[in-house]
Amino acid sequence: MKDKCNNCGSESFHEGIVNHVLEINGHIYAVKNIPAKICDRCEANFFSPETYDSVYKMIYNPKSPKRKIEAELLEFS
Ligand SMILES: [Zn+2]
């Protein structure tokens, strides 16, 4: 079965490296350099279940190297 973009329905992707921001239990994490599939048409990023697993393991592992960054948090209203 071919993967389909959830966003635009395109079936063509390329591999790439992206940064991703996610929120877990009220904490916001920015994870850099994640391998992803990127939609050729709309540039939406998709991660494999294995990649998601690794990202979550990194976040829950207290030994993961972490660096505090300054970020501007904007809320759409
Ligand atoms: Zn797309």
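One can find the structure itself at the top, above this paragraph.
Residues numbered from 1 in each chain as written. Predicted model: local features only at pLDDT ≥ 70, side-chain atom pairs only at ≥ 80, totals over all residues. Heavy atoms only, no water.

A.B. asks: So what exactly am I meant to see when it comes to the environment of Lys-63 here?
C.D. replies: Position of Lys-63 among the secondary structure elements: in the segment after helix 1 (49–60). You can call Lys-63 exposed: its relative accessible area is 76%. Between the C-alpha atom of Lys-63 and that of Ser-48, which follows or precedes it by 15 residues, the distance is 24 Å. (Helix = DSSP H or I, 4+ residues; strand = E, 2+ residues; numbered from the N terminus. Buried < 20%, exposed > 50% of the residue type's maximum accessible area, 1.4 Å probe, protein only.)

A.B. asks: What exactly am I supposed to notice about the environment of Cys-8 here?
C.D. replies: By the element assignment, Cys-8 lies in the segment before strand 1 (13–24). For the pair Cys-8 and Cys-42, spaced 34 residues apart in sequence, the C-alpha to C-alpha distance is 6.8 Å. Those residues in contact with Cys-8 that lie beyond four places of it in its chain are Cys-39, Arg-41 and Cys-42. (Contact = heavy atoms within 4.5 Å.)

A.B. asks: Help me out: how do you make sense of the coordination of the zinc ion in this one?
C.D. replies: On the protein side, the zinc ion has Cys-5 (SG), Cys-8 (SG), Cys-39 (SG) and Cys-42 (SG) as donor atoms, found 2.3 Å from it. Coordination at the zinc ion is tetrahedral: its four donor atoms span angles of 104 to 114 degrees at the metal. Sequence positions of the residues that donate to the zinc ion give the spacing C-x2-C-x30-C-x2-C. Of this pair, Cys-8 sits in the segment before strand 1 while Cys-39 sits in strand 2 (residues 27–39), placing them 31 residues apart in sequence. On the accessibility criterion, Cys-39 (0% relative accessible area) is buried. (Donors = N, O, S within 2.8 Å, 3.2 Å for Na, K, Ca; no water. Tetrahedral: all angles 85-135°; square planar, octahedral: opposite > 155°, others 65-115°.)

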